[in-house]
Protein chains: 2
Amino acid sequence: MTARNKKLINQPENILSEMLEGFAAAYHDIVKLDENGFIVRRTPKAEGKVGLVIGNGSGHEPAMIGLVGPGLFDVNVAGEIFTAPGPDRIVQGVKAADRGAGVLVCVSHHAGDLMNAEMALELCEAEGIENVEMVVLYDDISSAPKGRESERRGTAGLFFVWKMLGAFAETSGDLAACKAMAEKIRDNTRSLALALTPGSSPISGEVMFELPDDEIEVGMGVHGEMGTGRSKLISADATIDLMMPLILEDLPFQSGDEVLVLINNSGSLTLMEMFILYRRVAQQLEAAGVTAYKSWLGPYATTQEMSGFALSLCKVDDELKALWDAPANGAYLKQ
Amino acid sequence: MTARNKKLINQPENILSEMLEGFAAAYHDIVKLDENGFIVRRTPKAEGKVGLVIGNGSGHEPAMIGLVGPGLFDVNVAGEIFTAPGPDRIVQGVKAADRGAGVLVCVSHHAGDLMNAEMALELCEAEGIENVEMVVLYDDISSAPKGRESERRGTAGLFFVWKMLGAFAETSGDLAACKAMAEKIRDNTRSLALALTPGSSPISGEVMFELPDDEIEVGMGVHGEMGTGRSKLISADATIDLMMPLILEDLPFQSGDEVLVLINNSGSLTLMEMFILYRRVAQQLEAAGVTAYKSWLGPYATTQEMSGFALSLCKVDDELKALWDAPANGAYLKQ
């Protein structure tokens, strides 16, 4: 046993059920674990709200269980570790979220999540469940080139969609408008990740990849998917100087733009390091004439104990700023 | 260079200043970095509020910079990494927090912090600054036996004091009452920590202690101070079964009591593990007839990338529950 797989669990096969039970007990004022094993709001909205559902593999906590609550998601269908939930589960989730105004199934773009969600929508149609739509979300610029955005992976920058779509759906009542809002936020968002050390599987204890002690990898996915290249470990400022131009050029973010900034902690990076990184982000934004409206630095979508981070920017207008500032009460996102 | 000291910083000697600059830039809507280099509220309260000041060594982020804001602290005097700020700095902090209703200097009990705060209070007296009090806070049951509580270290359970004293001081206007409230919360709080892997010094890169791959240490301090003993790595449930009776017996927490629960992440423990730990905490509380009013699981006082946690309980009455539920807007504590 190496330090890498030194984890406080019981039986690996019980991780999901025990985690959900503990989470629901800890935050009983916000959520509950329903009869299907889904995390749902303690107090569901009244009829007429567009339901927001997301399924995801577990192991990325607080995503997505920590983002269920007022101003955020209605229902989270958590799959096994790093495994998308099956179509039957997503159909159950749609039913649990239905308040008579339609349901939007949000999909973080990975092959398994997309396939299962597509099958779930076919099952809904076959069962006569109407007014269900799907939106596929992606943000990672390292996973496909510009012009092929829809092939990109969903990573931590989807946080912006969760927050602002959640606020929008709280009052919209219109499924098509919710889907269009999710797409607007997605299309304004770009992310790039960097890893210093790998995470490990909580089931097998195996590390996700090997990385020499003096190297970093740029462009990792949230399950340790290959990035775009390795580099020697460089300073915090040099790291941001490497990443920022790639993100700015991709949208592109331009002088006069206002943005939200997220530095997502993959696991074991310290906040101390994240603040030092942000300092350079702020300098680079200023140099580019881009204004940071608000910023969040913390662990929102993790990859176990991986040390690393993702830097995400989302271009905002007055509509999005108001959605950002709207109240939210998830266990791990409060506004 | 080992994986342990792979950190994204620039020059080690600039960690503190760059971290504070980045933090203040990221959360410019909540705080600002003042002319002394202190993190203070962006919008100070009007005259008549008791000022709350805390000094601390850095390297434990988000403590304490992330707990400055409405409903929390007024001024944080951050020292160098793991080094308490000197008395002159604390006197400056007192002046920065003074709104004409007195200032309470909060001290997390460690030799250096206490000595510097005591000297600061003498300097205040010598300078004719009146109405300044100090409260010494401690919670770690492993650092001195029952009956010698005032010799114990301050650790993550002080979180309860920060939150509820902050709420109380928002409206109290009475320095003696604020000090008494801090003491009441402290005297209702007990904590015990456990480490799986050490953290490292961000300055030297050296690990704080050595721990075999199959062992855990119970009762660590927040700088890696020695605990009460080592044990083989055991399951999550067995870990809580080991720790919980020690905490319950110490106050003691008894059948019929209501408590707040904190599981503080030392650094690289996953939320997945924390939820599994909490499940057993909830079972143990139920067996003891103790009700968890609210719980928080997350990183509030960290020890760099140490993997481990502290479990803290605070006995609450109606007064404390209302203070817990009162609004707070720190960068890393929102209610």
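Everything that follows concerns the structure shown earlier in this document.
Predicted, not measured: the structure shown is a model, and the values here were computed from it. (Residues numbered from 1 in each chain as written. Chains lettered and ligands numbered in written order. Predicted model: local features only at pLDDT ≥ 70, side-chain atom pairs only at ≥ 80, totals over all residues. Heavy atoms only, no water.)

**Structural notes on the pairing of strand β4 (residues 75-81) of chain A**
Residues and elements named next belong to chain A. Threshold: The classification of residues rests on relative accessible area computed with a 1.4 Å probe and restricted to protein chains. Under 20% of the type maximum is buried, over 50% is exposed, and intermediate values are partly exposed. In this text, helices come from DSSP runs of H or I with a minimum length of four residues, and strands from runs of E with a minimum of two, each type numbered from the N-terminal end. Only strands that DSSP links by at least two bridges are regarded as paired with each other.
Of all seven residues in β4, six are buried; the element is thus mostly enclosed. Pairing of strand β2 (residues 39-41) with β4 involves two bridges; the strand directions are antiparallel. Directly across from V40, in β4, lies its bridge partner V75.

**Observations concerning the relation of the copies chain B and chain A**
The relation between the two chain copies is a rotation about an axis coupled with a shift along that axis. Short version of the rule: Residues below a pLDDT of 70 in either copy are left out; the C-alpha atoms of the rest, at least 70 in both, set the least-squares superposition of the copies. Note on contacts: a residue pair is in contact if any heavy atoms of the two residues lie within 4.5 Å.
Superposition of chain B onto chain A requires a rotation of 180° combined with a translation of 0.0 Å along the rotation axis, giving an RMSD of 0.0 Å. The relationship between the two copies is best expressed as a two-fold rotation axis. Closest to the rotation axis within chain B is the C-alpha of S268 of chain B, separated from it by 2.2 Å. Interface overlap between copies is the fraction of interface residues in one copy that are interface residues in the other; for chain B against chain A it reaches 100%, indicating a shared surface.

**Structural notes on unusual backbone geometry**
Following A63 of chain A, the chain continues into M64 of chain A via a peptide bond in cis, with omega recorded as -10°. Here M64 of chain A shows up in the loop between β3 (51-58) and β4. Note the cis peptide between L251 of chain B and P252 of chain B, where omega equals -5°. If you trace the backbone, P252 of chain B turns up in the loop between α6 (236-250) and β10 (258-265).

**Describing the sheet that holds strand β5 (residues 103-108) of chain B**
Residues and elements named next belong to chain B. This is how it is decided: Interaxial angle, 0 to 180 degrees, is taken between N-to-C directions of lines fitted to C-alpha atoms, where a helix line uses only the stretch in contact.
Read across the sheet, six strands follow the order β1-β2-β4-β3-β5-β6 without closing on themselves; strand pairing throughout is mixed. Edge positions in the sheet fall to β1 (31-33) and β6 (132-137), since each of these pairs with one other strand and no more. With strand direction ignored, the average angle separating the axes of adjacent strands in the sheet is 25°. Alignment of strand β3 (residues 51-58) against strand β4 (residues 75-81), held across five bridges, turns out to be parallel. From the neighbouring strand, I54 faces β4, where its bridge partner is N76. Its contacts with the sheet place helix α4 (residues 159-171) against β2 (39-41), β3, β5 and β6, and it is angled at close to 155° to β3.

**Quick notes on helix α1 (residues 15-26) of chain B**
All names here are of chain B. For clarity, the threshold we go by: In a helix, the anticipated span is given by 1.5 Å times the number of residues less one.
Across its 12 residues, α1 extends 16 Å between first and last C-alpha, which sits within 8% of the 16 Å expected from 1.5 Å per residue. Among the 12 residues that make up α1, nine are buried, leaving the element largely enclosed by the rest of the structure. Taken as a whole, α1 has its buried residues at I15, L16, E18, M19, L20, G22, F23, A24 and A26.

**Some points on empty space enclosed by the protein**
A water-sized probe, rolled over the atoms, reveals where empty space remains. For clarity, the threshold we go by: Using a 1 Å grid laid over the protein atoms alone, points where a 1.4 Å probe fits but cannot get out form a cavity; open sets with protein on both sides within 12 Å along at least 5 of 7 lines form a pocket; any residue with an atom within 4 Å of a point counts as lining. Grid points are joined across faces, edges and corners, and a volume is the space filled by probe spheres set on the points. Put simply, Ala, Val, Leu, Ile, Met, Phe, Trp, Tyr, Cys and Pro go in the nonpolar bin, Asp, Glu, Lys and Arg in the charged bin, and everything else, Gly too, in the polar bin.
A complete count under the given rule lists five cavities of 30 Å³ or more for this structure. When its volume is computed, the largest cavity comes out at roughly 670 Å³. Along the walls of the largest cavity sit 42 residues, with P299 and Y332 of chain A together with G298, P299 and Y332 of chain B positioned nearest its centre. Among the secondary structure elements, those contributing two or more residues to the lining of the largest cavity are β11 (291-298) and β14 (333-334) of chain A together with α7 (271-288), β11 (291-298) and β14 (333-334) of chain B. Taken together, the residues of the lining of the largest cavity sort by class into 23 nonpolar, 14 polar and five charged. Around the second largest cavity, the lining is made up of 15 residues, and of these A193, V222, S266, T303 and A310 of chain A lie nearest the centre. Going through the elements one at a time, β7 (189-197) and β12 (307-315) of chain A are the ones with two or more residues in the lining of the second largest cavity. The element that contributes the greatest number of residues to the lining of the second largest cavity is β7 of chain A, accounting for three residues. Looking at the lining of the second largest cavity residue by residue, the class counts come to 10 nonpolar, five polar and no charged.

**Points about the interface of chain B and chain A**
The line we're drawing: Put simply, buried area is how much 1.4 Å-probe accessible surface two parts lose in total, over both of them, once they are put together. For salt bridges, the criterion is a side-chain nitrogen of Lys or Arg within 4 Å of an Asp or Glu carboxyl oxygen.
Each partner contributes residues to the interface: chain B has 63 residues there, and chain A has 63 residues. Summing both sides of the interface, chain B and chain A together bury roughly 5300 Å²; the carbon and sulfur share of this comes to 65%. Of all residues in chain B, the largest losses of buried area upon contact with chain A belong to K6, L8 and M272 of chain B, amounting jointly to 17% of the total for that side. At the boundary of chain B and chain A, one finds four salt bridges.

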